[in-house]
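The primary structure of each chain is shown beneath.
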Amino acid sequence: MLGRISTVTITAPDLPVTVAAYQRYLGYRVVDDGALGRDMARAWGRPQMAGQRAVLLEPESGAETFLRFVQGPAYVEHEPLSCVGWNGAELIVQDVDALADELTRSPFRIIGRPTDLSFSDQIRAMQVVGPAREVLYLTQIKQKLTAFDTPLAASFVDRVFIVILGGASLDALQDYYHVQFGIPRAAAMPSVVSVLSAQYGLPRDYQHAIAAMPLSGQCYIEADQMPAAAASRPCAPGQLPPGVAMVSFEIDRLPERLTSSLGPAHRAAGLPYAGRRSQACVGAAGELIELIESG
């Protein structure tokens with residue numbers, strides 16, 4: 001079965017500005033800064049990316065769930081939340097209202113002010129677009145719900161614990177991850193997602209079909225059924241797509257036959273791999289997935 005979220009990779013057209021913003025406003029710190037190796041770029045199915053700069057950051061808590069920023073195209077015409085695929089990363093935070101005040105005059109553009117979720121007043125969240133035009137959900141758990149095994153924030157802004165995946169069919173998304181990786185299907189929850197409704201001109205109280213597919217390590221994939229107007233995610237030849245470009249998950253063992261693999265399995269010495277094998281593939285909505293053996 002697919003394990004916890006290891007790394008969220010984001011395409012950054014201005015990498016120094018992006019890294020500085022995460023350090024200054026979210027308390028993240030650099031743990032690796034270098035060039036993509038030839039084998040890594042080949043494993044991602046993008047050999048032309050060898051040599052491009054990549055910076056790995058961890059939260060102040062030290063939790064080993066990383067954000068990786070890779071130098072890439074600006075995709076100036078791409079609108080956040082306008083496409084299927086990886087639409088955002090959700091971070092657990094201690095005080096979302098205080099964080100909103102901190103971000104008011106920052107490179108993070110607030111697109112959803114802090115509000116309690118439509119299905120529980122014990123979860124309060126906001127949404128921002130970051131300097132690389134990536135979408136972040138910033139979530140405070142006021143009281144843990146019995147239905148969801150969620151982490152507690154050990155720093156003001158802590159780790160990614162949910163990744164947001166959009167597709168034309170909620171059933172198709174769940175079927176793919178269940179069949180390919182053994183993730184249990186989750187019940188659909190009609191939910192108000194105001195930032196998604198705003199992007200598509202829907203009423204603010206419109207209820208979207210979403211499902212929280214459980215992983216290990218108090219992690220989830222939130223699958224969202226996207227409006228019919230959602231487009232395919234753009235991708236420059238030989239590069240990563242915009243925003244959240246790829247999500248890396250731990251897995252007990254790489255599948256012997258990986259559907260839609262991008263390249264051969266390989267080993268890398270640095271974080272987040274630590275000598276373990278990894279392999280990348282394409283998911284049901286065209287999303288890029290990287291698998292890292294946990295053993």
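On a predicted model such as this, the values are computed, not experimentally measured, just so you know.

Peer 1: Teacher, can you tell me more about the overall build of the protein here?
Peer 2: Summing up its helical and strand segments, the protein has 5 helices and 16 strands in all. Here the protein has a C-alpha radius of gyration of 18 Å; the compact-globule value for 295 residues is 19 Å, and the two agree. Projected onto its principal axes, the C-alpha positions of the protein cover 45 × 40 × 35 Å. Residues counted as buried form 55% of the 295 residues belonging to the protein. Look at the contacts in the protein between residues 6 or more apart in sequence, and 68% of them connect residues 24 or more apart. Total accessible area computed for the protein in this model is approximately 12,100 Å², and 49% of it derives from carbon and sulfur atoms. One way to put it: in the protein the 24 positive side-chain charges average out to a point 4 Å from where the 30 negative ones average out.

Peer 1: I would appreciate a short explanation of the side chain of R159 in the present structure.
Peer 2: Within the secondary structure, R159 is located in strand β9 (residues 157-167). For the buried residue R159, which engages in no salt bridge, the nearest side chain bearing the opposite charge is D158, 5.6 Å off. Residues in contact with R159, not counting those within four places in the same chain, are Y28, P59, A63, T65, E90, L91, I92, P151, G217, Q218 and C219.

Peer 1: Before we go on, may I ask you to explain the sheet that holds strand β12 (residues 220-225) in this structure?
Peer 2: Within a sheet, each strand pairs with its neighbour through backbone hydrogen bonds, oriented either parallel or antiparallel. Judged by pairing direction, the sheet is mixed, and its 8 strands sit side by side in the order β6-β7-β8-β5-β9-β12-β11-β10 without closing on themselves. Bordering the open sheet on either side are β6 (109-117) and β10 (189-192), each of which pairs with just one other strand. Adjacent strand axes in the sheet meet at a mean angle of 30° when their direction is disregarded. Taken together, the 6 bridges between β6 and strand β7 (residues 120-129) define a ladder with antiparallel strand orientation. If you follow T115 over to β7, its bridge partner there is A125.

Peer 1: Before we go on, may I ask you to explain the pattern of salt bridges in this structure?
Peer 2: Oppositely charged side chains can form a pair if their charged atoms are brought close together. Tallied over the full model, the rule gives 12 salt bridges. Here E58 ties to R29 by a salt bridge, and the two come within 2.9 Å at their closest N and O atoms. Here R29 lies in strand β2 (residues 29-35) and E58 lies in strand β3 (residues 53-58), a separation of 29 residues in the sequence. Judged by its relative accessible area of 13%, E58 is buried. Among the residues examined, R29 registers a relative accessible area of 35% and is labelled partly exposed. Where R133 meets E79, a salt bridge forms, and the shortest distance between an N and an O atom there is 3.8 Å.

Peer 1: Would you mind showing me how to read the nonpolar core here?
Peer 2: Nonpolar side chains tend toward joint burial in soluble globular proteins. Within the largest apolar cluster, 77 residues are counted, with the highest numbers of intra-cluster contacts made by L2, Y22, W86, Y177, F181, I221 and F249. Excluding residues that lie within four positions of it along the chain, Y22 makes contacts with I10, G27, Y28, L57, L67, F69, F108, P131, E134 and L136. Counting 15 residues, the second-largest nonpolar core is a separate cluster that includes L36, M40, W44 and M49.

Peer 1: What am I meant to see in the sheet that holds strand β13 (residues 244-251) here?
Peer 2: Taken in spatial order, the 8 strands line up as β2-β3-β4-β1-β13-β16-β15-β14 in an open sheet, and their pairing is mixed. Strands with a single pairing partner mark the edges of an open sheet, and in this sheet they are β2 and β14 (266-267). Taken together, the 4 bridges between β3 and strand β4 (residues 66-71) define a ladder with antiparallel strand orientation. Looking at the pairing, L56 lines up with R68 of β4.

Peer 1: Even after reading the chapter, I still don't get helix α1 (residues 15-26), so can you show me in this structure?
Peer 2: Quick reminder: α-helices carry 3.6 residues per turn. Residues three or four places apart thus point the same way. Between the first and last C-alpha of α1 there are 16 Å, a value that for 12 residues agrees with the 16 Å anticipated at 1.5 Å per step. Of the residues trailing α1, G27 is marked for its positive phi of about 75°.

Peer 1: Explain unusual backbone geometry here, please?
Peer 2: Note: most peptide bonds trans; most residues except glycine with negative phi. In this model, L271 is joined to P272 through a cis peptide bond whose omega is 5°. Note that P272 resides in the loop between β14 and β15 (277-282). Residues other than glycine seldom take positive phi values, yet Y75 does so here, at roughly 50°. Inspection of the secondary structure assignment puts Y75 in the loop between β4 and β5 (85-93).

Peer 1: Is there a simple way to think about the pairing of β15 in this case?
Peer 2: Each regular strand shows side chains that alternate between the opposite faces of the sheet. Pairing analysis gives 2 bridges linking β14 to β15, with the strands arranged antiparallel. Counted as the bridge partner of R267 is R277 from β15. Hairpin geometry of β15 and strand β16 (residues 288-293) is characterised by an intervening segment of 5 residues between the two adjacent antiparallel strands and by a positive phi of about 85° at G286.

Peer 1: What's the story with the side chain of E134 in this structure? I'm lost.
Peer 2: Its place among the elements puts E134 in the loop between β7 and β8 (135-141). For the buried E134, no salt bridge is present, and the opposite-charge side chain at shortest range is R133, 8.2 Å distant. Here the side chain of E134 touches Y22 through a polar contact of 2.5 Å, side chain to side chain.

Cut-off values and rules
- The residue count restarts for each chain, going from 1 along the sequence in the order it is written.
- Predicted model: local features are reported for residues with pLDDT of at least 70 only, side-chain atom pairs are reported and counted for 80 or more only, and whole-chain, interface and lining totals are derived from all residues.
- Side-chain metrics in this entry use all non-hydrogen atoms of the structure; hydrogen atoms and water are not considered.
- Each helix is a run of DSSP H or I of at least 4 residues and each strand a run of E of at least 2, with the numbering of both proceeding from the N terminus.
- Restricting the calculation to C-alpha atoms gives the radius of gyration, and the globule rule supplies 2.2 Å times the number of residues raised to the power 0.38.
- We call a residue buried when its accessible area falls under 20% of the maximum for its residue type, exposed when it is over 50%, and partly exposed in between, using a 1.4 Å probe and counting protein chains only.
- Working rule for contacts: check all heavy atoms of both residues, and any pair within 4.5 Å makes them a contact.
- Only the protein chains shown count as covering a residue, and every accessible area follows the Shrake-Rupley method with a 1.4 Å probe.
- Lys and Arg are tallied as positive, Asp and Glu as negative. Neither His nor the chain termini are counted.
- Note that the charge is assigned to NZ on lysines, CZ on arginines, CG on aspartates and CD on glutamates.
- When a carboxyl oxygen of Asp or Glu is within 4 Å of a side-chain nitrogen of Lys or Arg, the pair counts as a salt bridge.
- Pairing between strands is defined by DSSP: at least two bridges between the two strands are required.
- Only C-alpha atoms enter the line fits that serve as axes; for helices the fit covers just the stretch in contact. Angles between N-to-C directions range over 0 to 180 degrees.
- Put simply, a nonpolar core is a bunch of buried Ala, Val, Leu, Ile, Met, Phe, Trp, Tyr and Cys residues held in one set by side-chain atoms that sit within 4.5 Å of each other.
- Each helix should span, by expectation, one fewer than its residue count multiplied by 1.5 Å.
- We call two N or O atoms a polar contact when they sit within 3.5 Å, provided that within protein one can donate a hydrogen and the other can accept it, with sequence-adjacent residues counted only if both atoms are side-chain atoms.

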